[in-house]
Amino acid sequence: MTASTELLTVPQVMERLQLGRTTVYDLLRTRQLPSLTLGRARRIPTHALTDFIHTRLEQDAA
């Protein structure tokens, strides 16, 4: 897989954002952070995480 199609687990996103499990699942539930469901597993594309971070930075700068 290339970096653009790499899929992250919820714990990996928690580590990268330094957020708790509940907060990450809230972001997923409210669709602020897009994800895929594969069976019972949630996966977050790396580009979705990058887009989320850029969007939040732009909102904070405005």
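It should be emphasised that the depicted structure is a prediction, and the values quoted were computed from it without experimental measurement.

*Asks:* Give me the nonpolar core: which residues, what numbers.
*Replies:* Counting residues in each nonpolar core, the largest one holds twelve residues, listed as Leu 8, Val 10, Val 13, Leu 17, Val 24, Leu 27, Leu 28, Leu 33, Ile 44, Ala 48, Leu 49 and Phe 52. Within the residue set of this core, elements represented by two or more residues are helix H1 (10-17), helix H2 (21-29) and helix H3 (46-61). Setting aside chain neighbours within four positions, we find Val 24 in contact with Val 10, Val 13, Met 14 and Leu 19.

*Asks:* So what's going on with the sheet that holds strand S2 (residues 36-38)? Which residues, and what values?
*Replies:* What the three strands build is an open sheet, ordered S1-S3-S2; its pairing is antiparallel. Each edge of the open sheet carries a strand with a single partner, namely strand S1 (7-8) and S2. The pairing of S2 with strand S3 (residues 41-45) spans three bridges and is classified as antiparallel. Note on S3: the bridge partner recorded for Thr 37 is Arg 42.

Basis of the calculations
Residues numbered from 1 in each chain as written. Predicted model: local features only at pLDDT ≥ 70, side-chain atom pairs only at ≥ 80, totals over all residues. Heavy atoms only, no water. Core = buried A, V, L, I, M, F, W, Y, C linked by side-chain atoms within 4.5 Å. Buried < 20%, exposed > 50% of the residue type's maximum accessible area, 1.4 Å probe, protein only. Helix = DSSP H or I, 4+ residues; strand = E, 2+ residues; numbered from the N terminus. Contact = heavy atoms within 4.5 Å. Pairing = 2+ DSSP bridges.

Everything listed is a geometric property; what it means functionally is a separate question.
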